[in-house]
Amino acid sequence: MAGNKEVVRRIVDEVVNAGNYAVVRELFAPDFAIHKAGMSFPPGPEAFKMAVREWRDAFPDYRVHVVRLIAEGEYVTCLFTAEGTHTGSLRGMPPTGKAFTVTAAEVHRLVDGLVVESWLADDLPRILTDTGLMAPTANNQWS
């Protein structure tokens, strides 16, 4: 659905890349739920703002570049690359000044033009390794 894809495009362009949190309530349902492995967020649009703000605070130059948007029914998958430089604190870890670039995907479920659920996935081990916050082991596994 082109409309749902446009909503997800707005999320990337206006919220994630531009940091315009004022439009979040226009794009997300009041009972929005965010799913991210190892993390919990409260229900509602504020959850997405929290997730984006955490990344933008740690990586002020954080940018997402949409590679492809794929829509099927209520679902829109966003394939993207993301990049940033670690110049702010990330969950108490001091900035390293190092940059990362990763490829990832997110899935959003929309109802009546609003996002009701999002599954956020990123390559956190790669991000932490590239920014010097975690080192790969000898067999190229992360610890």
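Okay, so let's go over this structure. (Residues numbered from 1 in each chain as written. Predicted model: local features only at pLDDT ≥ 70, side-chain atom pairs only at ≥ 80, totals over all residues. Heavy atoms only, no water.)

### A word on helix α3 (residues 46-58)
If you check α3, its first and last C-alpha atoms are 18 Å apart, about what 13 residues at 1.5 Å a residue would give, namely 18 Å. Every buried residue of α3 is accounted for by A47, F48, K49, A51, V52, W55, R56 and A58. (Helix = DSSP H or I, 4+ residues; strand = E, 2+ residues; numbered from the N terminus. Expected span 1.5 Å × (residues − 1). Buried < 20%, exposed > 50% of the residue type's maximum accessible area, 1.4 Å probe, protein only.)

### A closer look at the pattern of salt bridges
On inspection of all chains with the given rule, the structure shows eight salt bridges. For the salt bridge of R25 with E46, the shortest nitrogen-to-oxygen distance reads 3.5 Å. Placement of R25 in helix α2 (residues 24-27) and of E46 in helix α3 is noted, with a sequence separation of 21 residues between them. Judged by relative accessible area, which is 55%, R25 ranks as exposed. A residue is classified by how much of its surface remains accessible, and E46, at 33% relative accessible area, is partly exposed. We note a salt bridge from R109 to E117, for which the minimum N-O separation is 2.9 Å. According to the relative accessible area criterion, E117 is buried, its value standing at 18%. One network of salt bridges, in which partners are shared, links R10, E14 and E26. (Salt bridge = Lys/Arg side-chain N within 4 Å of Asp/Glu carboxyl O.)

### Regarding the side chain of K36
Structurally, K36 is set in the loop between β1 (28-35) and α3. Overall, K36 belongs to the buried group, its relative accessible area being 14%. Discounting chain neighbours no more than four positions away, the residues touching K36 are F41, L120 and D122. (Contact = heavy atoms within 4.5 Å.)

### Overview of the nonpolar core
With 39 residues, the main nonpolar core has I11, V15, F28, I34, F48, F59 and Y62 as its most contacted residues. When residues no more than four places from it in sequence are discounted, the contact partners of Y62 are V16, N17, W55, R56, A82, E83, G84 and F100. (Core = buried A, V, L, I, M, F, W, Y, C linked by side-chain atoms within 4.5 Å.)

### Overview of the packing of aromatic side chains
Following the criterion strictly, the structure yields nine aromatic pairs and no others. Ring centres of F28 and F32 lie 4.7 Å apart, and the angle between their planes is 70 degrees; on these two criteria the pair is classed as edge-to-face. F32 matches F28 in its accessibility class, with the two residues each being buried. Between W55 and Y62, the aromatic rings sit 6.0 Å apart at their centres with planes inclined by 20 degrees, giving stacked as the arrangement. Between the NZ or CZ atom of R53 and the centre of the ring of Y21, over which it lies, the distance is 4.4 Å. (Phe/Tyr/Trp six-rings, centres within 6.5 Å; stacked < 30°, edge-to-face > 60°. Lys NZ or Arg CZ within 6 Å of the ring centre and 35° of its normal.)

### Quick word on the sheet that holds strand β5 (residues 114-120)
Through backbone hydrogen bonds, the strands of a sheet pair up, either in parallel or in antiparallel fashion. The sheet built from five strands is open, its strands ordered β1-β5-β4-β3-β2 with mixed pairing. If you trace the sheet from one side to the other, it starts and ends with β1 and β2 (63-72), each paired once. Geometrically, the sheet is characterised by an average inter-axis angle of 20 degrees between neighbouring strands, direction not taken into account. Relative to β5, strand β4 (residues 99-111) runs antiparallel, the two sharing six bridges. Bridge assignment links L110 to a residue of β5, and that residue is V115. Strands β1, β2, β3 (75-85) and β5 of the sheet are contacted by α3, whose axis makes an angle of about 55 degrees with β1. (Pairing = 2+ DSSP bridges. Axes fitted to C-alpha atoms, helices over the stretch in contact; angles between N-to-C directions.)

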